[in-house]
Every structure is written in C-alpha cells, then in structure tokens.
Amino acid sequence: MNPRKKNWLDYLSVIGIVSAFLMLIVLNICWGSHWINSDMAAEMIFSELLAEEGRLIATPDWYYSTEFRVLYTQLIMVPLHYIFADWQTIRVITNVVFYVLMLASFYFVCKPLRIKTRNIWLCGLALLVPVSEAVMTHLQMGNTYMSHVILCFVTFGLYLRLCDRGAWKSRNSSLRTLVYGVLYAVLCVILGISGVRYLLDLLVPVLLTGFFFVICSGGFQAFRQEPSRENFCSLLKTERMRYFFVGLAGIVFGGIGYLINALHISKIYQFQTYDTTNFIAVHEGVFWDRVQNALGELLQMFGYIENKAFLSLRGVITILAFVMIGVLGFVWVRCMHYSRIAGVRAGSTENKESDRTLTEPAGQNHRRFTVLFAGVNFVLHLFVFVFTTSTMVDRYYIPIAIFFLLVLAIYMEWEGLAFDRVAVCLILGGCLTLAGLKTCYSFITNDKNAERCEMAEFLVEEGYSFGYASYWNSNIMTEVSDGALEMANLWSTETMGDFKWSSKVSSYEPKEGKIFLIAAREELSDLTEWGMLDKQEVIFENEAYVVLHFDSQAEFLAYRAEASDE
C-alpha cells in the first residue's frame, strides 16, 4: 500500500478543519457579541487600559480577579487597540489569531507522540466545535480559555520532548534539548506567577503521573524485589525516571513562579486569592451534593441541557453528552489496555525497562505516559472538586478534557481493529456535529446582550459616560458601547458597596457630572428599600433593565453614607 495515498479520513480532516474555522469566523463577525459577559469584557477593558498607558503585560492601575495573567489575550488585543477603535473588530481578530495558535499548539504536542497528521487534525477539530454553551462561551467566542489550552499544550509538548531517550545523544539534539529546557523552565515560572490554576491543571498532575509511571515500571519492580544500590542506580537510569525528574523540575520552576507571585507581584498589583479553601464536611449530605455537582458540571460541559423534554432536540443533545463521555471513557480504557500499564502494575510483563523500550518505536512511552496522565489529571480534579470547598463550574473541565483529545489521537494510532476506529470516529464526529449545530443555532438566535446594547445606545446619546451596576451588568456595558461608558462594579444593589474586581482603579475615584445606576428587574426591590425609585428619575427602562439618573456622584454616594449611619 502506498503510504502517501490519501483516504476518506484525510479529506474529512481537511474539510472539517476548514469548515469549523470558517463557521467560527462567520459567527464572530455576525453575532460575536451575543454571549459576551462581564468577565470577557474585562479583558478588553484591561487591554485598552494597557494601550492607553503604553504597557503590554500588566499595570498597577487595574483590580485583578484571582489570577495574574501574563501570557493572555492582552498580548494580541493591546496592539490592536492602537489600530482599531471598534472593539468588535478587535475581538474578532484576536479570536481568529487564537484559533490558529490553539491548533498549532495541538500540532506541537502531538508530534512527539508520533501522531499522523490526519489524526492530529481529526482530533484537533474538536477544539473548534462549540459542543456546549460553556465551551462556546469560554473557549471559542469569549476566549477566556484558549490561552489556557495553548499554554497547557505547549508546556506539555516541551515536557515530552525533554523526556525523549535520545534528547542528549548528539550535538544537534543536545542544543535543541537545551532550548526546549530553557523554554520549559521559563514557561513553568510564568505558569506559577499566574497563580495556582496551572499548578493544578498541569504541573502537579504531570509530577504525579511521573511518579506512578516509575512505580509501574519493570525497573522499580526489580528494585522492590531486591532493594540494592545496583538496582536503584539502574532505576535512576531508566527512561521512565526521566519523566519524573522533568516533572519535578517543572514543579520547582512553577513553585519559584508562585513565590514570585506571593512575595513580589501581590505587593505591586491588586488581586484576590482563595485563601479560605477548606476540606468539606463529609456528612449531612454535603459530600453527595459535591459529587452530584461535580458530575452535573461535567455533563453540562459536554452539552447536557436540564429541564428539557426527553423527546425533543434538546433532549437528543442531552443524550449525546452521555454518548460522548461514554465513547471517550471507552477510548481511554482501550488505550490503557494497549499501553499494558495494568499488566506492568501487576509485575507480569516487564523485567527490564531499558531492554524493552529500546526495541519499541519512538514515542511509545510518551503515549503510555499521556494516557495515564489524562486519567490522573481527571481523578485529581474530581478529588479537588468533591472534597474541597473550591468553586465548581462546568468550564473548569475544559483544561482536563483537552488532554483526552490526545488520548483519542493515540487511540487512532494504536487501535488495530479498523471497524472500531471508524465507529469511534463516526460516533464522535456525529455527536460533535449535532451538538455544535445546536449550540450555534442557540448562539445565533439568542442575543443575551440585546437589551444592554439598546440601553448603552441610549445612555451614550444622552451624554452619560459613567455609571454603576452589579458586576454582571457592569463591564459588559463598557464593551457594547466600545468603551464610551465607564462602569464601577457593585457587590449588589442590596448593599451598594464597591466590588473591586476586574476593573480599573480609576473607576472608583471621584467623577464629575451626571451619572446613572443600572438595575435588572429582579433588583428593583433593592432600589425600593433604598428609596431610590421614589426620589430618582427613571431615564430608561426596557423588559430587562431600569436606569436611574443622578445629578452627581456625590448624590449617589449620599445614599450609601446614609445607610452606613443607620
């Protein structure tokens, strides 16, 4: 058989990538603002602030959330703010650039796994398919997770390259490995500077997997049976030990970055941390609530739609969530079987690690490690979600799920049964297509910001430039007005206290001229208690919002001062 001869999967991979890419570009241009929220708008406002100050990475004039993001969307958005005034244009270009970078990072991480190009694009296609509202909102359109995906793939790809058995055998390979090592160290430091997210999403599970990878090896079994110095030295020289040491180096550099974050960055920049995360009580139903929520958020990430008829389009999409999880579980189990880790754990297949690996095709140990890593990463996150009080939302599964795409690519290489390969490809492809089309239809027909755009247009025409709103109605007003409206976040309309989160420091400083207060319909009872509805002029209202006028900021702040005195 001619190895260069293309089959239907080759054409399918190209058609799929091109179609998904074009679909996302059309969605961005025509309906890009439909599901943007205040979190996503914050990144645009932050980038504009950096552009105004002539900065690129960070500024002390910003209230960060819980993370100090170094390699993030601002790297693309800031230069674009110098060129374009239209924020939607900036968002479209930024998203398109990140689509390319995300696919390139997936290609980069797949190469040391010796994955065929066809299978790389077939599996990478899933990165461009909005399988659920969470994926569409936070990955493809809102772009709050694409940088996470890119950094995880690039760092993991560098990690695998540093674990290659022939990395230091020739002068050229040694120089290349040195470059990889420097990049890996720098990236790990940057990941640590960003906060605990990347430690949990990548560096800690990599080290844990390296540990399990070693204790499942024949070299470790030999040391267990005869714990001599000779066997210990032999264990240190095995290829699997390199996975542990490189992972340990990643933790060290990541820890250095986190120390920089805690001891230096936090003194210059203003952001919040989760210092109160505790272990949960494992009684009174708390444990089962956490289990239920963990599984529920996983299902929603794959497209589960709650409270919809079983025999309906939404019901079919919900069933597809179970199918996709089931197929990926099957793929992982099959890959575990092919990697023979279960047999190695029982000590029945390996005698000498070095003898076996030298006769295997390059990349096989990388594949074994990656399959095991996907499982360890998933279990570790489930442990954190279930047994701690950490925040749990569906999008937190995205950095976990992306590594199962690598497992899927490995499965396509390892599976010897052509029927199984085709069946998995068709089932997952069908599920992704149906779920993606349903999500796109919802995205196009459901404009969550229509009322906000109407409100922003009115306020700009009436000469307003500054106002207050609770967080989810605040930053988004700045985005839909192309920066014409500056907003200050409130904890809630119930307390009216400032919520200094993902916003400019200057937004909480004294302002001149008239201002406004935005309240959603469900917040009107709070305004009644404050006495605002009776005393202040309602300048705008629609089905979702009411806007009150204040002659000055001092007038608004007087309400808060009066409440404090009481």
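Residues numbered from 1 in each chain as written. Predicted model: local features only at pLDDT ≥ 70, side-chain atom pairs only at ≥ 80, totals over all residues. Heavy atoms only, no water.

*Asks:* Residues and numbers for helix H7 (residues 146–162), please.
*Replies:* The first and last C-alpha atoms of H7 sit 24 Å apart over 17 residues, in line with the 24 Å expected at 1.5 Å per residue. Of all 17 residues that make up H7, 16 are buried, and the element is covered over most of its length. (Helix = DSSP H or I, 4+ residues; strand = E, 2+ residues; numbered from the N terminus. Expected span 1.5 Å × (residues − 1). Buried < 20%, exposed > 50% of the residue type's maximum accessible area, 1.4 Å probe, protein only.)

*Asks:* An account of the environment of Tyr396 is requested, with residue identities and associated values reported.
*Replies:* Residue placement: Tyr396 occurs in the loop between helix H17 (364–387) and helix H18 (398–414). Sequence separation between Tyr396 and Asn278 is 118 residues; the distance between their C-alpha atoms is 18 Å. Apart from residues lying up to four places away in sequence, Tyr396 is in contact with Tyr145, Arg197, Phe385 and Thr391. (Contact = heavy atoms within 4.5 Å.)

*Asks:* An account of the packing of aromatic side chains is requested, with residue identities and associated values reported.
*Replies:* Working definition: an aromatic ring pair is given by the centre-to-centre distance plus the angle between the planes. Per the stated rule, a full pass over the model turns up 44 aromatic pairs. When the centroid spacing of 6.3 Å and the interplanar angle of 25° are considered together, the rings of Phe156 and Phe369 count as stacked. Taken as a pair, Phe156 in helix H7 and Phe369 in helix H17 lie far apart in primary sequence, 213 residues in all. No difference in accessibility class separates Phe156 from Phe369, as the two residues are buried. Ring pairing ties together the aromatic residues Phe106, Phe153, Phe156, Tyr159, Tyr184, Phe213, Tyr243, Phe369, Phe373 and Phe403, which thus form one cluster. The residue whose ring lies beneath Arg161 is Tyr180, and the NZ or CZ to ring-centre distance is 5.9 Å. Its guanidinium or amino end placed over the ring of Trp35, Lys448 lies 4.7 Å from that ring's centre, counting from NZ or CZ. (Phe/Tyr/Trp six-rings, centres within 6.5 Å; stacked < 30°, edge-to-face > 60°. Lys NZ or Arg CZ within 6 Å of the ring centre and 35° of its normal.)

*Asks:* Break down the nonpolar core for me, citing the residues and quoting the values.
*Replies:* Ranked by size, the top nonpolar core spans 102 residues in total, and within it Phe106, Phe156, Tyr159 and Phe403 carry the most contacts. For this core, the leading source of residues is H18, giving 14 residues. With residues near it in sequence (within four places) discarded, Phe156 still touches Val109, Leu202, Val206, Phe369, Thr370, Phe373, Phe403 and Leu406. In terms of nonpolar packing, the next biggest core, distinct from the first, is built from 23 residues, Ile45, Leu50, Ile265 and Phe271 among them. (Core = buried A, V, L, I, M, F, W, Y, C linked by side-chain atoms within 4.5 Å.)

*Asks:* Any chance you could break down a negative patch on the surface for me, citing the residues and the numbers?
*Replies:* On the surface, Glu454, Glu457, Glu461, Glu462 and Glu543 cluster together into a negatively charged patch. Along the chain, Glu462 falls in the loop between helix H20 (450–461) and strand E2 (466–470). (Patch = residues over 30% accessible without salt bridge, like charges linked within 9 Å, V, L, I, M, F, W, Y side chains within 5 Å. Areas by Shrake-Rupley, 256 points an atom, 1.4 Å probe, with all protein chains shown as cover. Salt bridge = Lys/Arg side-chain N within 4 Å of Asp/Glu carboxyl O. Lys, Arg positive; Asp, Glu negative; His and termini not counted. Charge placed at Lys NZ, Arg CZ, Asp CG, Glu CD.)

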